[in-house]
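Here are the chains, one letter per residue:
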Amino acid sequence: MSPMHAEPEFWEERYRAGQTPWEFPGVPPALTRFLARNPARLGDTVLVPGCGSGQELAAFAAAGYAVTAVDFSATAVDRARARVPAGAAVALHCADFFTCPLAAAGYRLIYERTFVCALDPARWAAVTARIASLLRPEGRWVGLFYEGPKEDGPPFGWDGGEAEELLRARLEPLLTLPVPPAESPALFAGREWWREWRRPAEA
Ligand SMILES: C[S@@+](CC[C@H](N)C(=O)[O-])C[C@H]1O[C@@H](n2cnc3c(N)ncnc32)[C@H](O)[C@@H]1O
(Lines give C-alpha, C1' and ligand atoms only; values in the text may rest on other atoms or scores of the structure.)
Protein backbone atom coordinates (compact mmCIF):
# COMPACT_ATOMS: atom_id res chain seq x y z
CA MET A 1 0.00 0.00 0.00
CA SER A 2 1.37 3.44 -0.85
CA PRO A 3 1.96 5.83 2.05
CA MET A 4 -0.82 8.35 2.78
CA HIS A 5 1.19 11.30 1.52
CA ALA A 6 1.48 9.64 -1.89
CA GLU A 7 -2.29 10.05 -2.27
CA PRO A 8 -4.06 13.28 -3.24
CA GLU A 9 -6.43 12.99 -0.25
CA PHE A 10 -3.57 13.59 2.22
CA TRP A 11 -2.87 17.00 0.65
CA GLU A 12 -6.48 17.78 -0.14
CA GLU A 13 -7.41 17.48 3.56
CA ARG A 14 -4.63 19.88 4.56
CA TYR A 15 -5.54 22.49 1.96
CA ARG A 16 -9.21 22.33 2.97
CA ALA A 17 -8.32 22.61 6.68
CA GLY A 18 -5.89 25.51 6.09
CA GLN A 19 -3.01 23.41 7.49
CA THR A 20 -0.34 24.35 4.97
CA PRO A 21 2.80 25.26 6.96
CA TRP A 22 4.96 24.76 3.86
CA GLU A 23 3.42 27.72 2.04
CA PHE A 24 5.37 30.94 1.53
CA PRO A 25 3.03 33.92 1.41
CA GLY A 26 4.02 35.31 -1.96
CA VAL A 27 6.72 34.87 -4.56
CA PRO A 28 9.90 33.61 -2.87
CA PRO A 29 12.52 36.41 -3.11
CA ALA A 30 15.08 33.90 -4.43
CA LEU A 31 12.79 33.29 -7.41
CA THR A 32 12.34 37.03 -7.98
CA ARG A 33 16.14 37.37 -8.10
CA PHE A 34 16.41 34.42 -10.50
CA LEU A 35 13.80 35.90 -12.87
CA ALA A 36 15.63 39.24 -12.89
CA ARG A 37 18.78 37.35 -14.00
CA ASN A 38 16.90 35.09 -16.42
CA PRO A 39 14.11 36.79 -18.36
CA ALA A 40 12.57 34.37 -20.85
CA ARG A 41 13.80 34.12 -24.40
CA LEU A 42 11.25 33.57 -27.15
CA GLY A 43 9.53 30.22 -26.69
CA ASP A 44 10.84 29.51 -23.19
CA THR A 45 8.73 27.21 -21.07
CA VAL A 46 8.60 26.31 -17.40
CA LEU A 47 7.03 23.30 -15.70
CA VAL A 48 5.96 23.55 -12.04
CA PRO A 49 5.32 20.10 -10.54
CA GLY A 50 3.37 20.01 -7.27
CA CYS A 51 2.52 23.69 -7.73
CA GLY A 52 0.17 23.81 -4.74
CA SER A 53 -1.73 27.09 -4.60
CA GLY A 54 0.55 28.49 -7.30
CA GLN A 55 2.16 31.54 -5.71
CA GLU A 56 4.85 31.65 -8.39
CA LEU A 57 2.90 31.03 -11.60
CA ALA A 58 1.99 34.63 -12.43
CA ALA A 59 5.60 35.73 -11.79
CA PHE A 60 6.92 33.22 -14.33
CA ALA A 61 4.27 34.30 -16.86
CA ALA A 62 5.08 37.99 -16.28
CA ALA A 63 8.77 37.20 -16.96
CA GLY A 64 7.76 35.78 -20.35
CA TYR A 65 7.67 32.03 -19.70
CA ALA A 66 4.85 29.81 -20.95
CA VAL A 67 3.89 27.98 -17.75
CA THR A 68 2.61 24.44 -17.24
CA ALA A 69 1.73 23.55 -13.65
CA VAL A 70 0.57 20.25 -12.17
CA ASP A 71 -0.83 19.26 -8.80
CA PHE A 72 -3.05 16.35 -7.84
CA SER A 73 -4.99 18.27 -5.14
CA ALA A 74 -8.11 19.78 -6.71
CA THR A 75 -8.35 22.43 -3.96
CA ALA A 76 -4.77 23.55 -4.56
CA VAL A 77 -5.33 23.74 -8.31
CA ASP A 78 -8.51 25.80 -7.81
CA ARG A 79 -6.57 28.23 -5.61
CA ALA A 80 -3.76 28.43 -8.15
CA ARG A 81 -6.25 29.09 -10.94
CA ALA A 82 -7.81 31.93 -8.95
CA ARG A 83 -4.36 33.58 -8.62
CA VAL A 84 -3.50 33.58 -12.30
CA PRO A 85 -4.48 36.77 -14.14
CA ALA A 86 -6.85 36.33 -17.08
CA GLY A 87 -4.97 35.82 -20.32
CA ALA A 88 -1.68 34.78 -18.68
CA ALA A 89 0.17 31.93 -20.42
CA VAL A 90 -0.48 29.37 -17.69
CA ALA A 91 -1.83 25.84 -18.25
CA LEU A 92 -2.89 24.19 -14.99
CA HIS A 93 -3.52 20.47 -14.66
CA CYS A 94 -5.07 18.59 -11.77
CA ALA A 95 -3.13 15.35 -12.24
CA ASP A 96 -0.42 13.06 -10.91
CA PHE A 97 2.98 14.37 -11.97
CA PHE A 98 4.33 10.86 -12.50
CA THR A 99 1.64 9.72 -14.92
CA CYS A 100 0.14 12.79 -16.59
CA PRO A 101 1.09 13.41 -20.21
CA LEU A 102 3.78 16.11 -20.36
CA ALA A 103 6.08 17.05 -23.24
CA ALA A 104 9.20 14.85 -23.19
CA ALA A 105 12.31 17.06 -23.40
CA GLY A 106 9.84 19.92 -23.59
CA TYR A 107 10.79 22.41 -20.87
CA ARG A 108 13.53 25.01 -20.63
CA LEU A 109 13.00 25.19 -16.86
CA ILE A 110 11.47 23.01 -14.19
CA TYR A 111 10.83 24.81 -10.90
CA GLU A 112 11.11 23.20 -7.48
CA ARG A 113 9.72 24.33 -4.17
CA THR A 114 8.68 21.79 -1.53
CA PHE A 115 7.52 19.26 -4.12
CA VAL A 116 10.36 16.74 -3.94
CA CYS A 117 10.40 16.92 -0.14
CA ALA A 118 6.74 15.86 -0.26
CA LEU A 119 7.84 12.57 -1.82
CA ASP A 120 9.11 9.54 0.06
CA PRO A 121 12.87 8.96 -0.50
CA ALA A 122 11.86 5.67 -2.16
CA ARG A 123 10.67 7.87 -5.06
CA TRP A 124 13.85 9.92 -5.47
CA ALA A 125 15.09 7.76 -8.36
CA ALA A 126 11.72 8.03 -10.12
CA VAL A 127 11.43 11.77 -9.64
CA THR A 128 14.95 12.57 -10.82
CA ALA A 129 14.45 10.36 -13.90
CA ARG A 130 11.13 12.04 -14.70
CA ILE A 131 12.53 15.56 -14.22
CA ALA A 132 15.57 14.83 -16.41
CA SER A 133 13.40 13.34 -19.16
CA LEU A 134 11.16 16.42 -19.26
CA LEU A 135 13.99 18.96 -19.54
CA ARG A 136 15.23 20.08 -22.93
CA PRO A 137 18.94 19.50 -23.47
CA GLU A 138 20.58 22.36 -21.54
CA GLY A 139 17.32 22.94 -19.70
CA ARG A 140 17.58 23.60 -15.98
CA TRP A 141 15.92 22.33 -12.81
CA VAL A 142 15.95 25.34 -10.51
CA GLY A 143 14.41 26.38 -7.25
CA LEU A 144 14.33 25.99 -3.51
CA PHE A 145 15.49 22.61 -2.28
CA TYR A 146 14.90 21.55 1.33
CA GLU A 147 17.79 19.92 3.15
CA GLY A 148 16.98 18.24 6.43
CA PRO A 149 16.34 14.82 7.96
CA LYS A 150 14.99 12.38 5.44
CA GLU A 151 13.02 10.37 8.01
CA ASP A 152 9.49 10.97 9.29
CA GLY A 153 8.41 13.30 6.54
CA PRO A 154 6.89 14.95 4.79
CA PRO A 155 8.97 17.01 4.53
CA PHE A 156 11.69 14.53 3.56
CA GLY A 157 15.03 16.35 3.33
CA TRP A 158 17.40 15.71 0.45
CA ASP A 159 20.42 14.35 2.26
CA GLY A 160 23.27 15.48 0.04
CA GLY A 161 24.35 11.83 -0.32
CA GLU A 162 22.00 9.45 -2.06
CA ALA A 163 19.85 12.22 -3.56
CA GLU A 164 22.92 14.07 -4.80
CA GLU A 165 24.27 10.93 -6.48
CA LEU A 166 20.98 10.29 -8.26
CA LEU A 167 20.94 13.85 -9.53
CA ARG A 168 24.56 13.90 -10.64
CA ALA A 169 23.95 10.77 -12.73
CA ARG A 170 21.57 12.80 -14.91
CA LEU A 171 22.15 16.52 -14.35
CA GLU A 172 25.14 18.84 -13.88
CA PRO A 173 25.19 21.02 -10.76
CA LEU A 174 25.47 24.72 -11.66
CA LEU A 175 24.77 26.78 -8.56
CA THR A 176 23.95 26.53 -4.85
CA LEU A 177 23.05 29.63 -2.85
CA PRO A 178 21.87 29.90 0.76
CA VAL A 179 18.35 31.23 1.30
CA PRO A 180 18.13 33.70 4.22
CA PRO A 181 15.92 32.20 6.97
CA ALA A 182 13.53 35.18 6.78
CA GLU A 183 12.73 34.16 3.20
CA SER A 184 11.28 30.79 4.21
CA PRO A 185 8.25 29.78 6.26
CA ALA A 186 9.20 28.71 9.83
CA LEU A 187 9.06 25.01 8.94
CA PHE A 188 11.89 25.45 6.42
CA ALA A 189 13.82 28.43 7.81
CA GLY A 190 17.57 28.05 7.27
CA ARG A 191 17.06 24.76 5.44
CA GLU A 192 16.19 25.90 1.95
CA TRP A 193 18.85 26.34 -0.71
CA TRP A 194 18.49 27.91 -4.13
CA ARG A 195 19.92 25.35 -6.52
CA GLU A 196 20.30 25.08 -10.29
CA TRP A 197 20.96 21.88 -12.23
CA ARG A 198 21.38 21.51 -16.01
CA ARG A 199 20.60 18.65 -18.35
CA PRO A 200 23.73 18.15 -20.47
CA ALA A 201 23.52 19.27 -24.11
CA GLU A 202 24.15 15.77 -25.50
CA ALA A 203 21.67 13.96 -23.21
C1 LIG B 1 4.41 20.59 0.32
S2 LIG B 1 3.27 20.93 -0.94
C3 LIG B 1 4.11 22.20 -1.89
C4 LIG B 1 3.19 23.02 -2.75
C5 LIG B 1 3.88 24.20 -3.44
N6 LIG B 1 4.97 23.79 -4.28
C7 LIG B 1 4.34 25.22 -2.42
O8 LIG B 1 5.56 25.51 -2.39
O9 LIG B 1 3.50 25.75 -1.69
C10 LIG B 1 3.45 19.52 -1.97
C11 LIG B 1 2.46 19.55 -3.14
O12 LIG B 1 2.75 18.48 -4.03
C13 LIG B 1 1.53 17.92 -4.45
N14 LIG B 1 1.84 16.55 -4.86
C15 LIG B 1 2.42 15.56 -4.10
N16 LIG B 1 2.60 14.46 -4.84
C17 LIG B 1 2.14 14.75 -6.09
C18 LIG B 1 2.06 14.03 -7.31
N19 LIG B 1 2.48 12.74 -7.39
N20 LIG B 1 1.54 14.63 -8.39
C21 LIG B 1 1.10 15.92 -8.32
N22 LIG B 1 1.15 16.66 -7.21
C23 LIG B 1 1.66 16.09 -6.10
C24 LIG B 1 0.60 18.05 -3.27
O25 LIG B 1 -0.76 18.01 -3.63
C26 LIG B 1 1.02 19.41 -2.70
O27 LIG B 1 0.27 20.47 -3.27
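Residues numbered from 1 in each chain as written. Predicted model: local features only at pLDDT ≥ 70, side-chain atom pairs only at ≥ 80, totals over all residues.

Bringing the pairing of strand β2 (residues 66–71) into the picture now. The buried fraction of β2 is high, at five of six residues. Two elements, strand β1 (residues 45–49) and β2, share five bridges in a ladder whose sense is parallel. Looking across to β2, one finds that Leu47 is bridged to Thr68. A crossover links β1 with its parallel partner β2, the connecting element being helix α3 (residues 57–62), and its sense is right-handed. As paired strands, β2 and strand β3 (residues 90–94) are joined by five bridges and run parallel to one another. (Buried ≥ 20, exposed ≤ 12 C-beta atoms within 10 Å, placed from the backbone. Helix = DSSP H or I, 4+ residues; strand = E, 2+ residues; numbered from the N terminus. Pairing = 2+ DSSP bridges. Right-handed = clockwise from strand over helix to strand, strands pointing away.)

What follows concerns the site of the ligand. Of all residues adjacent to the ligand, which total 18 residues, the nearest are Trp11, Gly50, Gly52, Ser73 and Phe97. Along the lines of polarity and charge, the residues of the shell around the ligand split into ten nonpolar, four polar and four charged. (Near = placed C-beta within 6 Å. Nonpolar A, V, L, I, M, F, W, Y, C, P; charged D, E, K, R; others polar.)

Relative to the helices and strands, Leu144 is located in strand β5 (residues 135–146). Between the alpha carbons of Leu144 and Ala91 there is a distance of 22 Å; along the sequence they are 53 residues apart.

A word on helix α2 (residues 29–37). Among the residues making up α2, those that are buried are Ala30, Leu31 and Phe34. Relative to the axis of α2, the buried residues are bounded by an arc of 95 degrees and lie together on one face. Opposite its buried face, α2 presents the exposed residues Arg33 and Ala36, each directed more than 90 degrees away. The elements touched by buried residues of α2 are α3, β5 and β7 (192–198). (Arc of directions from axis to C-beta. Contact = placed C-beta atoms within 7 Å.)

Taken in spatial order, the seven strands of this open sheet run β3-β2-β1-β4-β5-β7-β6, and their pairing is mixed. The sheet is open, and its two edges are formed by β3 and β6 (172–178), each paired on a single side. The average undirected angle you get between the axes of adjacent strands in this sheet is 15 degrees. Packing against the sheet, helix α4 (residues 74–83) makes contact with β2 and β3, and its axis sits at approximately 165 degrees to β3. Helix-sheet contacts for helix α5 (residues 124–134) involve β1, β4 (107–113) and β5, and the interaxial angle to β5 is about 135 degrees. (Axes fitted to C-alpha atoms, helices over the stretch in contact; angles between N-to-C directions.)

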